[in-house]
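In case you want the letters, here they are:
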Amino acid sequence: RETIMSSIDIYPGYTFQVKHKNRTVSKKLLLFIFLFIFGLASMEAVFLLLISPNLKVDKVQVYVPASVALSSSEVKELAGITGGESFFSINSKEIENRLVECNLIKAAKVEKKFPSTIKIVLEGRTPFALSFIDIDGCTVPVTMDRDGVIFEMGDRVSDYGLPVISGLSFQDFQLGTRLPAIFIPYILSMESVKKTSEDLFARISEIKFVEKGEGVFDVVIYPDDGNIRARTGAELNDVTLRRAFTALDVVSGLGKHTDEVDCRTDKIVYRDKED
């Protein structure tokens, strides 16, 4: 049996070396990342300290709908922008909150356009109904929007051709006052009627709330084209109104001398003036 052996030649003085290429590349990459981040931070510091304070607001774009009786200069004053403010010191949300404090403004949108422009877009309140309130012994007209917010008063009332809502009372009244919560569903019902039955809504001259008990009301409807009023229950919708106006038309056509038609029950009742 032969034994085969391999031989290894050893050369004295030879040193075995391993080159760590990956480690060298990693160090260079880390150095590059560090220098890149340091450069960005330096640029940001220079921008914040030297450039940004000199970026001033030099243009304010104001978009005001015709329903808002405010000039551009008045809007800027409400917003607290006089010009020359630092662009980066402007807080859009704070300005929006400041603007909607005005009773004429329903919503506001403020946008910043780099490097020096502020854009303000307003949404105004739209008159929906008219009312009359007593202030210091004087009867004063006011208008309210669909949210029940009273935003015009006296000489500033812009539309007297609206249906009148009466029977309301307020404590500590001021512009921006909202109708008591109990009346809001009626306002929403009126809005729904206007959307679905414009002809019915147009016939309403006045809606009067007559309190029967705490939080309980009758609704008295005064038509725009007659002298007879209709009394309904608390519910106010297109079905109720159509029934009330039909009853008014029938009674008026019969020549009955009556002040009011009672539509609160299935049986319509009218009362003679002589009674």
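Whatever comes next refers back to the structure up there.
Peer 1: Just to check I follow, could you spell out the environment of D224 for this structure?
Peer 2: Among the structural elements, D224 can be located in the loop between strand 9 (216-223) and strand 10 (229-232). Excluding its chain neighbours within four sequence positions, the residues that come into contact with D224 are A202, R203, I204 and S205.

Peer 1: For this particular structure, what's the right way to read the nonpolar core?
Peer 2: As a rule of thumb, nonpolar side chains are buried together in soluble globular proteins. The biggest cluster of nonpolar side chains holds 34 residues, and the ones touching the most others in it are M144, I165, L179, F209, L236 and L241. Elements represented by at least two residues in this core include exactly strand 4 (129-135), strand 5 (138-144), helix 4 (184-196), helix 5 (198-202), strand 8 (204-213), strand 9 and helix 6 (238-253). The leading source of residues in this core is helix 6, at six residues. Look past the residues within four positions of I165 in its chain and what remains in contact with it is A129, L130, S131, M144, I187, M190, I207 and F209. One finds V60, V62, V68 and I118 within the second-largest nonpolar core, a separate group that totals 22 residues.

Peer 1: In this structure, what is going on with a nonpolar patch on the surface? I would like to understand it.
Peer 2: The grouping of L29, L30, F32, I33, F36, I37 and L40 at the surface amounts to a nonpolar patch, some 730 Å² of accessible area in total. Here L30 lies in helix 1 (residues 21-51).

Peer 1: Just to check I follow, could you spell out helix 6 for this structure?
Peer 2: Three- or four-residue spacings in an α-helix give side chains the same orientation, since the helix completes a turn every 3.6 residues. The end-to-end C-alpha distance of helix 6, which contains 16 residues, comes to 22 Å, matching closely the 22 Å that a straight helix rising 1.5 Å per residue would cover. Within helix 6, burial applies to T240, L241, A244, F245, A247, L248 and V251. Looking down the long axis of helix 6, one finds its buried residues gathered within 155° of arc, a one-sided arrangement. Within helix 6, the exposed residues directed more than 90 degrees away from the buried face are V239 and G253. Measuring from the side-chain oxygen of the N-cap residue of helix 6 to the backbone nitrogen of V239 gives 3.1 Å; that N-cap residue is N237. Of the residues trailing helix 6, G255 is marked for its positive phi of about 75°.

Peer 1: So what exactly am I meant to see when it comes to the environment of D134 here?
Peer 2: With respect to the secondary-structure elements, D134 resides in strand 4. The spatial distance from the C-alpha of D134 to the C-alpha of F170 is 9.1 Å, given a sequence separation of 36 residues. Within the structure, D134 has its side chain in polar contact with the side chain of T139 (distance 3.1 Å).

Peer 1: I'm lost on the packing of aromatic side chains in this one. Help?
Peer 2: The relation between two aromatic rings is expressed through the spacing of the ring centres and the mutual angle of the planes. Enumeration according to the criterion identifies seven aromatic pairs in this entry. In this structure an aromatic cluster arises from ring pairing among F183, Y186, F209 and F217. Stacked on the ring of F87, the Lys or Arg K112 has its end atom at 4.9 Å from the ring centre.

Peer 1: Whenever I open this one, the sheet that holds strand 2 (residues 105-113) confuses me. Can you help?
Peer 2: Working definition: the strands of a sheet are paired by backbone hydrogen bonds and lie parallel or antiparallel to each other. Taking strand neighbours across the sheet as the criterion, the three strands line up as 1-3-2 in an open arrangement whose pairing is mixed. In the strand order of this sheet, the two ends are held by strand 1 (59-63) and strand 2, each with one partner. Each strand of the sheet is rotated relative to its neighbour by a mean of 15°, with strand direction disregarded. Direction of pairing for strand 2 relative to strand 3 (residues 117-124): antiparallel, over a ladder of eight bridges. Along strand 3, the bridge assignment pairs I105 with G124. Across the sheet, helix 2 (residues 72-79) touches strand 1, strand 2 and strand 3, and the angle it forms with strand 1 is around 110°. Contacting strand 2 and strand 3, helix 3 (residues 92-99) runs over the sheet at an angle of about 155° to strand 2.

Peer 1: Explain the pairing of strand 5 to me, please; I cannot follow it from the model alone.
Peer 2: Both faces of the sheet carry side chains from a regular strand, because those side chains alternate between them. Counting buried positions along strand 5 gives five out of seven residues, so the element sits mostly inside the fold. The antiparallel pairing of strand 4 with strand 5 creates a hairpin that spans two residues between the two strands, and D136 there sits at a positive phi of about 55°. Bridge count for strand 5 against strand 6 (residues 150-153) is three bridges, and the pairing is antiparallel. Within strand 6, the position partnered with T143 by the bridge is E152. Remark: five residues form the turn of the hairpin made by strand 5 and strand 6, two consecutive strands paired antiparallel; G148 in that turn has positive phi of roughly 80°.

Peer 1: What's the story with the side chain of T117 in this structure? I'm lost.
Peer 2: Mapped onto the secondary structure, T117 falls in strand 3. The buried category is assigned to T117, whose relative accessible area is 13%.

Reading the values: the criteria
- Residues numbered from 1 in each chain as written.
- Predicted model: local features only at pLDDT ≥ 70, side-chain atom pairs only at ≥ 80, totals over all residues.
- Heavy atoms only, no water.
- Helix = DSSP H or I, 4+ residues; strand = E, 2+ residues; numbered from the N terminus.
- Contact = heavy atoms within 4.5 Å.
- Core = buried A, V, L, I, M, F, W, Y, C linked by side-chain atoms within 4.5 Å.
- Buried < 20%, exposed > 50% of the residue type's maximum accessible area, 1.4 Å probe, protein only.
- Patch = residues over 30% accessible without salt bridge, like charges linked within 9 Å, V, L, I, M, F, W, Y side chains within 5 Å.
- Areas by Shrake-Rupley, 256 points an atom, 1.4 Å probe, with all protein chains shown as cover.
- Salt bridge = Lys/Arg side-chain N within 4 Å of Asp/Glu carboxyl O.
- Expected span 1.5 Å × (residues − 1).
- Arc of directions from axis to C-beta.
- Polar contact = N/O pair within 3.5 Å; in protein donor to acceptor, adjacent residues only side chain to side chain.
- Phe/Tyr/Trp six-rings, centres within 6.5 Å; stacked < 30°, edge-to-face > 60°.
- Lys NZ or Arg CZ within 6 Å of the ring centre and 35° of its normal.
- Pairing = 2+ DSSP bridges.
- Axes fitted to C-alpha atoms, helices over the stretch in contact; angles between N-to-C directions.

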